[in-house]
Amino acid sequence: MRTLTRCLSRTLAGRGPVSMPGVSPRRACRSDSWGFPSPPLSLRAGLGREGRCRPRVRPYSSSATSGQVAGDEERYDVIVVGGGHAGCEAALASARLGCDTLLVNLNLDRIAWQPCNPAVGGAGKSQLVHEIDALGGEMGKVADRTYVQKRVLNRSKGPAVWSLRAQTDKHLYSREMRDVLDACPNLSLREAMVVDLKLGPNDEIQGVVTHFGITLLADAVVITTGTFMNGRIWVGKQSAPAGRAGEAPSVGLTEKLQSLGFETERLKTGTPPRVDRRTIDFGKLEEQKGDEDVRWFTYDTAHHVPREQMSCYLTYTSKETHRMIEENLDETPTYGGWMPAKGPRYCPSIEDKIVRFKDKERHQIFLEPEGLTTPEIYVQGLSTGLPERLQLPLLRTLPGLENCRMLRHAYAVEYDYLPAHQCRATLETKKISGLFLSGQINGTTGYEEAGAQGILAGINAARKARGLDLVTLPRESSYIGTLVDDLVTKDLREPYRVLTSRSEHRLQLRSDNADMRLTPLGNEIGLIHGERWQAFLDKRERVRAEMERLSKERIPPEDPLAVAAAGVSGHNVSRHVTLEELLRYPKVSYELLERCGRGGDVVGSQEREHVEISVKYAGFVRR
């Protein structure tokens, strides 16, 4: 862990990548379309603290045959429980590092499902997705392949808080992620419910037990159960056991964890109704189109393929909406008093908005498509626990939805979680060696927060199975590091959402430089390799050379670029200046340099943007 931390610290300090001793070039483990790496010999053997090889905990085999049977028990290196966004990233990371990995999910038709808003990214969250991709994860690539609309939020503010948001096709997203899992070497899938853990004599994990009594052995286990542990959904006063609508909860695992001394609590979340787009009067709504200049989550340009975009629409609550909610508050689970669990502060129900912000005459409601081939529209901002009989009348109080048809009702869901102070910064639990927790079970909310924890837990589960030092990410390294540090050091009792304001290092932790910060670490770990690694090295060299050119090339005040810069910035250029100094002027962009024939050899909008932001932020970062 110290070796990896030193490597990351030196990369952040701008001294370039540091090769771990003995790490050999990556090679594809087989000639398939995904080209996942076969771990180098040094990582298979395990690097000691000074980079020397040391003995493995047990013999390791990366044969194509998975799930070796020992008597009546199947054996894997790593088992991941739960196939949501955390589980997918954890399983892929473990398998791509060469571990024989099993992903267990209650329903294999609901892999990487988006039960709430089918969207990826947004304020703070997009930075996580970029970081997942920079480490070698999958969420950004799948979002880029399945988006139906993309927009960059917070454009009026500084680049540190610019946030890409993609509305995705929820059915296509799930199918794409399932295809990735199916194509991944060393990864098997199983439909089952895990109800028990198998422990060794020293309280180390040895495997899991399913509802039907099958024991699955492993050296490391990652639990990513989302909202399913003893999940219960509420619609008004009516409730039913469920992890989400139409799917059974996971029962038994909470009780096992409690018997082992883990503290558990309850949290809640919710989802709004869906309406039929064919019954909406779009003439009364404000259209919100996607950006023409499409941006990407992944740094892998092979996945930068533009897609057809759909519009989202904006409407508002009315006086009748507010009246109806105020008169029926006692019929909601929260205000009726029969569901005391805390919900997400930054994604409140519509009744919470009406109660907390009585001075507001209206609230925004966004109508967002759930895909290219479905008429379902997600009514963002109208999450509610009202009875179903009141939901359609409530919808029809919104302008444009006076004659709408409701396809799915809203509901609230409460579920068990484990306060994450019971984990280390590696996401391994303090009580049980080899047991890792990731996602909403740790008290977070959001697909992106789950995926970020998932890739870290998967990396460390694989390293645990091999007897290697585990990896931690310092707060100053990434939003993933900030997220995990907050979770394991603070006693959080409400769903945790990442925000840019949570990081004191946000000027450095930007979307444009996530690969510069984390891809060298992804390479050292073994997730970034081959063409992807070479493309990163080429990009880094182009950026370095361009930054050097900007710092050395000088122009006189009468140069056309200097004149143009003075015109847009309002600041006179009275002496010879470097292009770097000129680029720091207000409103002077790299695009202006190119228009005046002073552009360099950087390729694509992402690289140009990174160079410009790096120059403009350099002084702030130094201070």
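It should be emphasised that the depicted structure is a prediction, and the values quoted were computed from it without experimental measurement.

A. Structural context of the side chain of Lys170. Relative to the assigned elements, Lys170 resides in helix α6 (residues 170-183). By relative accessible area, Lys170 is classed as buried at 6%. Those residues in contact with Lys170, other than ones at most four positions away along the chain, are Trp113, Gln114, Pro118, Arg274 and Glu370.

B. Structural detail: the packing of aromatic side chains. Applying the stated criterion across every chain, the model contains three aromatic pairs. Between Tyr147 and Trp296, the ring centres sit 6.0 Å apart and the planes meet at 75°, which makes this aromatic pair edge-to-face. One end of the pair, Tyr147, is in strand β8 (residues 147-153); the other, Trp296, is in the loop between β19 (286-288) and β20 (312-316), with 149 residues separating them in the sequence. A relative accessible area of 10% means that Trp296 is categorised as buried.

C. Seen up close, a nonpolar patch on the surface. On the surface, a nonpolar cluster with roughly 240 Å² of combined accessible area is contributed by Leu507, Phe620 and Val621. One can find Leu507 in the loop between α13 (479-489) and α14 (514-525). Overall, the relative accessible area of 33% leaves Leu507 in the partly exposed class.

D. Region of the structure containing the confidence of the model for the protein chain. Per-residue confidence for the protein chain gives a mean pLDDT of 88; residues scoring 70 or more make up 88%. Low pLDDT, under 50, characterises residues 9-65; the stretch is placed with 126 contacts to residues that sit more than four places away or in other chains.

E. Layout of the nonpolar core. If you look at the biggest cluster of nonpolar residues, it comprises 96 residues, and the most contacted ones within it are Ile79, Val221 and Leu435. No other element matches helix α12 (residues 447-466), which puts nine residues into this core. For Ile79, the residues in contact, after removing those within four places along its chain, are Leu102, Val104, Val208, Leu216, Leu217, Ala218, Ala220, Val221 and Val222.

The rules behind the values
- Residues numbered from 1 in each chain as written.
- Predicted model: local features only at pLDDT ≥ 70, side-chain atom pairs only at ≥ 80, totals over all residues.
- Heavy atoms only, no water.
- Helix = DSSP H or I, 4+ residues; strand = E, 2+ residues; numbered from the N terminus.
- Buried < 20%, exposed > 50% of the residue type's maximum accessible area, 1.4 Å probe, protein only.
- Contact = heavy atoms within 4.5 Å.
- Phe/Tyr/Trp six-rings, centres within 6.5 Å; stacked < 30°, edge-to-face > 60°.
- Patch = residues over 30% accessible without salt bridge, like charges linked within 9 Å, V, L, I, M, F, W, Y side chains within 5 Å.
- Areas by Shrake-Rupley, 256 points an atom, 1.4 Å probe, with all protein chains shown as cover.
- Salt bridge = Lys/Arg side-chain N within 4 Å of Asp/Glu carboxyl O.
- pLDDT = per-residue confidence, 0-100.
- Core = buried A, V, L, I, M, F, W, Y, C linked by side-chain atoms within 4.5 Å.

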